[in-house]
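Read off the chains here:
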Amino acid sequence: MDSDSLRYSLDLVSGCGLTLSCEQRAALQTSLLILKRNYKFSRVLFWGKILGLRSDYFIAHGITEDEMRNRKTLYSFNCVDWHLLPPVTEAQLAEVSLLKEHFKGDPSYEYEHTETRGLDEGDEAVVEEITVKMTEETRLAATVFNIDREVSVVPRGAFIKTPSGRVQVNRCFEGLSESEARKLSSYLHFSEPQHLKKKTILETADLNPSIDFLDNLSEDTPKGSWSLQFERGSISVLRSLLWLGLTFFHVPMTPQHGYIYMGDGMKNHYLPFML
Amino acid sequence: MDTSEEVHYNERDLAAKSFKAFLLKSSSKTNLNLYDHLAQLLTKVMDESPEDVVETFEDMSQEVKRAGLQNTQSTLRDTTPISTATVLAEQQRALFSRKAGEDPAHEEYLVKTPLPNVPELAFYLEQAGVGLGEEEMHRVFLALKELVDTQPLQRCRFWGKILGSESNYFVAEGEFQEGGGEEDETAEEEARKSEHRVDDLEAVAEHTVNLLQKSADKSMPVVPMEDKGTGANKYTYFVCREPGMPWVRLPSVTPAQIIAARQICKFFTGRLDAPIASSPPFPGNEANYLRAQIARISASTQVSPLGFYQFAEEEGEEDEETPRYSLEENPDFEGIPVSEMAESLSTWVHHVPHILEQGRCVWVDLAEKPEELVEEEEGDEDREDEPDKPEAEVGPPLLTPVSEDAEINKTPSWTAKMSSTLVSQFAIAVLRSNLWPGAYSFAFKKKFENIYVGWGLKFTGEGYNPPAPPPTQQAYPSGPEITEDLEVGLKEKQGVKSTLEEQREEEESEEAEGEEEEEKEEEGEEEEEEGAGEAEEEEREENEEDED
């Protein structure tokens, strides 16, 4: 969520139970501004908090020109000193889902996880051991990237894609109406679309290419992995059941929206059992 | 001449007037008349002065007509749709109104009210990074006030909030005064009666089952529910969807529900009467599941600083084996320094009794049964596997420090820290549970509090594995009396066959028939025969024929 409206947005998201203390908020207000100037970001977003055993990580995103590409991720322990997270590879993204422990709170901690898989090659059963070694810093970067890719949410119409391919904030966005805000199809994932290209021309006939360049939330599997509620009557709050801790809020008929992740950074693999 | 001119003038005047009257005549289809229409049209031409007006004259005429028509069509009134926000606001408005009986001048400062100091709680929790938002906590405060006014509670506490997929639950914990809470007794009596009925039915069932010889179905006796006011049912819980909506009382929890809740992992939907579809089946609906989870969370995560509570002194000698459950506040509690509390986990202790495997806090020995069942047990051979007297389950005693809790994945199941490192004089100590994500406790000098805000699910470590379904039951016990013995059957059939063959051979010897026809007949007989070992019979037939 935007660092300028942090205080107000946190109030709307705190239905999930976790907020920031006053001291942390005050520290964020100052340090994010300094960050913006140092890295020459156009916007700085406070992404959220990942809880670790010894200390928690506070994560922020810095955005340059394009809203979606070339985002820089930074982390901090005390909301004052920020460190840049390294970019992740696809292999690391796949490996991180094997780690099922809590975050320790120490970025140099090395995880070692061995998984044994039995492969049948013909008549013989070969046991293959796959060892995953990863530092916590890499795990953090991979987790943040995964969460953004899978469960980041924006309302439909809040961002537009220019013909040159650049994604930017839609200044004419007036907010979803009350009835639109109740439908899951009014919300889109804010990451590279995966299902969009597979749609038939019939389905894309009703879509507006400048607005609908992202995947729709109603196409997520399994169905029911989003909890859409109207808290306090009028604020639309979306909570993800796949990554417990991600909360998205939107006040209908206003352009205010944002999402935050406050949790332990572990994916809920057992979602189908729980629905 | 004047008169002719006057007449002419009169005629023309009359003609003009009649023409004007004609123009003013309203059309039979619409209420328009040409006079007004032309007046409006020419006024419009005057106002707008369009170019080439003579070409667009007809269009302008139609526009004027259309504009005139719109005004008369809106006989429908716009009703503003009532949004859920306004409905909720109406209900919450009642929170802010003072009740009729209260008199602000008559403040009861001396009487200790069971209402908790929620704003203070919110202040401390915010420092810990936990909270629901200032306004929301204040609404919860007012809703608790309403609860305290309507129910005769001795103590009341805001337990926390459980999130669901469709709506959430705000949970309040209450302890009734002596003799209070009678409305639900009938419901509890019914629950107990149904348990007794089930016991009776099971006694009958066991009897009939024994009559039908052995069966693999072991009907487990029902573990009795703990009484209201003791053990897992010590407190009563009330839930509401949003502060301002009426509080609903949750039923008491039974041990069977706790045992089942340990095996399933389900999200709450937010509707108290929703069924729980799970494997193994949960005995009850969502209200029971919610109550069971609340009981488990309370037993695992309600902690207090060491020394805040002490065991109440009871008269008379106590058996050392029976665990002590009565706690009272320690008046000499001085408070532990915050830095100590944040560093060592042994300064926090549990003050809610642990729930045993059985599903209760106090062990109940199920082997003590009325005589009829005991006799059947002795006669039932299936019970030989189980020990005669199950060992009493013992859990960790009350007031054990948190540092002795079981670890998950070699990490302690609690994390403690200070709320602020910059200003440590006024910081508070915060304890967070890793086993039940969402359970928080804080302590500051002599104050402490617990709260739970989360999804109501335990952290499962390696993952949740649903228990495998039980093996399929046998329809009947297999034994020597029922199964068909192949050897015996075969011999019997062969015996019959050999006698038949002898008879046929005698007949055939009289008639002159070829071997082929014999074979045909025998093959036809073979086809007619049913039963096991047909192939073997054919082989043996052929062997016999070969021998022949």
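Going by the annotation in an unreviewed UniProt entry, the name recorded for chain B is Radial spoke head component 4A, with Scleropages formosus given as the source organism. Among the UniProt annotations of chain B, the heading Subcellular location (unreviewed entry) holds the following wording: "Cytoplasm, Cytoskeleton, Cilium axoneme".

An unreviewed UniProt entry lists chain A under the name Radial spoke head protein 9 homolog, with Scleropages formosus as the source organism. Within the UniProt record for chain A, the comment given under Sequence similarities (unreviewed entry) is "Belongs to the flagellar radial spoke RSP9 family."

Remarks on the packing of helix H5 (residues 118-128) of chain B against helix H6 (residues 134-150) of chain B
Residues and elements named next belong to chain B. As a packed pair, H5 and H6 sit with axes 9 Å apart at the nearest point and diverge in direction by 150°. Classified by the interaxial angle, the pair formed by H5 and H6 is roughly antiparallel. Where H5 crosses over H6, the handedness of that crossing is right-handed. From H5, Val118, Pro119, Leu121, Ala122 and Leu125 reach across to H6, where they touch Met137, His138, Phe141 and Leu144. For the contact of H5 with H6, the per-class residue count stands at 8 nonpolar, 1 polar and no charged.

With respect to the interface of chain A and chain B
Listed by partner, the interface residues are 42 residues for chain A and 45 residues for chain B. Each partner contributes to the roughly 3,400 Å² buried at the junction of chain A and chain B, and carbon and sulfur atoms together form 51% of this total. Of all residues in chain A, Leu53, Arg232 and Met274 of chain A give up the largest surface area on contact with chain B, accounting jointly for 18% of the area buried on that side. The interface formed by chain A and chain B includes 4 salt bridges. Among the salt bridges present, the one from Asp56 of chain A reaches Arg432 of chain B, with a minimum N-O distance of 3.3 Å. Taken together, the connections running from chain A to chain B amount to 8 residue pairs in polar contact (both at pLDDT 80 or more). Elements supplying a minimum of two residues to the side of chain A that touches chain B: helix H1 (6-13), helix H2 (22-39), strand E11 (226-231), strand E12 (235-240) and helix H7 (271-274) of chain A. Examining the composition of the side of chain A that touches chain B, we find that 5 residues originate from one element, E11 of chain A, more than from any other. Looking at the side of chain A that touches chain B residue by residue, the classes come out as 15 nonpolar, 13 polar and 14 charged.

What counts and what doesn't
Residues numbered from 1 in each chain as written. Chains lettered and ligands numbered in written order. Predicted model: local features only at pLDDT ≥ 70, side-chain atom pairs only at ≥ 80, totals over all residues. Heavy atoms only, no water. UniProt positions renumbered as here; feature names shortened; annotations may be inferred. Axes fitted to C-alpha atoms, helices over the stretch in contact; angles between N-to-C directions. Helix = DSSP H or I, 4+ residues; strand = E, 2+ residues; numbered from the N terminus. Parallel < 35°, antiparallel > 145°, perpendicular 65-115°, else oblique. Left-handed = near helix turned anticlockwise from the far one by under 90°. Contact = heavy atoms within 4.5 Å. Nonpolar A, V, L, I, M, F, W, Y, C, P; charged D, E, K, R; others polar. Buried area = accessible area lost by both parts, 1.4 Å probe. Salt bridge = Lys/Arg side-chain N within 4 Å of Asp/Glu carboxyl O. Polar contact = N/O pair within 3.5 Å; in protein donor to acceptor, adjacent residues only side chain to side chain.

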